[in-house]
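What follows is each chain in one-letter form.
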Amino acid sequence: MCRAVAWAGSGVPVQVNIPFREPLTPLPDRSWSDDLWGRPDGRPWTTLPEQEIVTRSRAEVDLPARTLVVMGSGDPQRARAVAEVAAKAGWPVIAEPTAMAAAAQTGAGVLRCGVLLLAGGELPAGVRYVPTPLRPDAVLLVGRPTVSPDVGAVVGGDVPVFSVDAVPEWSDPAHTVSRVEEWLDVEDVPCAEEPDPKWLAVWQRADAAAAAVLDKELDAETALTGLRAARDLVAALPPQAVLFLGASNSIRDVYMAAAAREDIAVYANRGTAGIDGNVSTAMGLALALNTPEGARFPCYALIGDLTFVHDSNGLFLGPDERRPNLTLVVLNDRGGGNFSLLPEGAPEYKQGFERVFAAAHDTDLVGLCAAHHVAHTAIESAEQLHAVLRGPAPVGLRVAEVRTNRAALRGQHMRLHKALNSALAGILNAALAY
Ligand SMILES: Cc1ncc(C[n+]2csc(CCOP(=O)(O)OP(=O)(O)O)c2C)c(N)n1
């Protein structure tokens, strides 16, 4: 709040996001999860670690050999510079979708299933410590993580969390960052400990096992799901494609399932947050990147159905307006699928769930597109999705509606995490024996 107030004082608009503290569901005895009378001995409600702003150009912090890098959105040059350090220092890199191209361009050890390993086998909302062999001695956050779990909490409170981000606007929503550097590049490698080859190797072994489990699960699916659509979409995009990812499961599914591509550009607004304005952002991006006289980038977006319906007026274009060349892939599971993966999606909260959380609906996307003279294709299988993505991106605006079943979502994720846990157990036990 102090930082927000300080920025507001300098005349810039400031948005304060306040997350709910877990648990998100009522306690069994219906009591409050915190004592409303305050902390013992009149201590303050919130205490923050000491923070130090480092504005020097060279890092002076000792970075342990067992450092884990987590990249969020932000300046791709900063991401690339840190990824080059990671490549030299042998640090595993978990890159959110908006950072994956920058990270992958450097030859760093970018993990395919890093976030699945971080989540420790829980549903995305669950927080459990990462298994011991994968536990870092330090975490380096780069830019603004918007899709990752609270990494500081996941790795355990005593692991230092450093940030490389813009100063003074660095992002630290979980208040775990103890030190911020504005820049880190290969000239800083001397401040990193000698690489420990076992460190990257154990993450890569676990990652390969997780990827094998994931691909096996997704390939065995009889009906198309969000994870499968996200994986296949990213893999099928033409080189130089631009991909806008909508809030909620769209960006999270890509984070969980897609292999990093260094030849596409990925954009998002505020990560998993904010279903507003997503159609408009995708259209604006496609218009801005494809001026009539300029280069042409094939533009795509992946967004959920509520996100689409929420901003369907974004499809409105006057007859004399330029129309974007954009394929909007709408994953339609007739409601907010992400809530099925949260604690409130558990069977015991079934009553009222569809109305209160999922916001279930039966909006006709065919009719909605027709009202705006936008081409529409219905997709019910992976083959149909591939057929739409194959070939040169068409001129104009089109919606590809992927129809999926929300009722199966929670079960699918639970199955996946169970399969992951058993596949990882052997690898991690062997790593412990080193
Ligand atoms: C403007 C706004 N209102 C409400 C929310 C809360 N919210 C988060 S995700 C979500 C549901 C999104 O549903 P959908 O677009 O279908 O995506 P899915 O969850 O199925 O991936 C809602 C309502 C939000 N993020 N932003």
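Residues numbered from 1 in each chain as written. Predicted model: local features only at pLDDT ≥ 70, side-chain atom pairs only at ≥ 80, totals over all residues. Heavy atoms only, no water.

### As for empty space enclosed by the protein
Then comes step 1: Scanning the entire structure with this criterion turns up three cavities of 30 Å³ or more.
Then comes step 2: Forming the boundary of the largest cavity are 15 residues, of which Ala95, Leu111, Arg112, Tyr255 and Ala258 lie nearest the centre.
Then comes step 3: For the lining of the largest cavity, the secondary-structure elements that each account for two or more residues are strand 3 (92-95), helix 4 (114-118) and helix 8 (249-257).
Then comes step 4: Considered class by class, the residues forming the lining of the largest cavity number twelve nonpolar, one polar and two charged.
Then comes step 5: Inspection of the lining of the largest cavity shows a minimum of three residues originating in each of domain 1 (49-196) and domain 2 (218-414).
Then comes step 6: A volume near 40 Å³ is recorded for the second largest cavity.
Then comes step 7: Looking at the second largest cavity, the residues that line it are Gly72, Ser73, Gly74, Asp75, Arg78, Ala79, Val142 and Gly143. (1 Å grid on protein atoms, 1.4 Å probe; cavity = no way out; pocket = protein on both sides within 12 Å on 5 of 7 lines; lining within 4 Å. Points joined across faces, edges and corners; volume = space filled by probe spheres on them. Helix = DSSP H or I, 4+ residues; strand = E, 2+ residues; numbered from the N terminus. Nonpolar A, V, L, I, M, F, W, Y, C, P; charged D, E, K, R; others polar. Domains from an automatic or database assignment.)

### Details of helix 9 (residues 278-289)
Then comes step 1: With twelve residues, helix 9 extends 16 Å between its outermost C-alpha atoms, agreeing within 8% with the 16 Å of an ideal straight helix rising 1.5 Å per residue.
Then comes step 2: All buried positions along helix 9 are accounted for by Asn278, Val279, Ala282, Met283, Leu285 and Ala286. The buried residues of helix 9 all sit within an arc of 160° when viewed along its axis, so they share a single face.
Then comes step 3: In this structure, the buried side of helix 9 is in contact with strand 8 (242-245), strand 9 (265-268), strand 10 (299-304), helix 10 (305-310), strand 11 (326-332) and strand 13 (397-403). (Expected span 1.5 Å × (residues − 1). Buried < 20%, exposed > 50% of the residue type's maximum accessible area, 1.4 Å probe, protein only. Arc of directions from axis to C-beta. Contact = heavy atoms within 4.5 Å.)

### Description of the domain arrangement of the protein
Buried accessible area, meaning the area lost when the parts come together, often serves as the stated size of an interface.
Then comes step 1: On domain assignment, one finds that the protein holds domain 1 (49-196) and domain 2 (218-414).
Then comes step 2: A separation of 28 Å is found between the C-alpha centroids of domain 1 and domain 2.
Then comes step 3: When the two sides are added together, the surface that domain 1 and domain 2 hide from each other amounts to roughly 2000 Å², 71% of it contributed by carbon and sulfur.
Then comes step 4: Taken together, the links from domain 1 to domain 2 amount to zero salt bridges.
Then comes step 5: Of all the elements in the fold, those that place two or more residues in the side of domain 1 that touches domain 2 are strand 3, helix 3 (100-104) and helix 4.
Then comes step 6: The element contributing the most residues to the side of domain 1 that touches domain 2 is helix 3, with three residues.
Then comes step 7: In the side of domain 1 that touches domain 2, the residues fall into 15 nonpolar, four polar and two charged. (Buried area = accessible area lost by both parts, 1.4 Å probe. Salt bridge = Lys/Arg side-chain N within 4 Å of Asp/Glu carboxyl O.)

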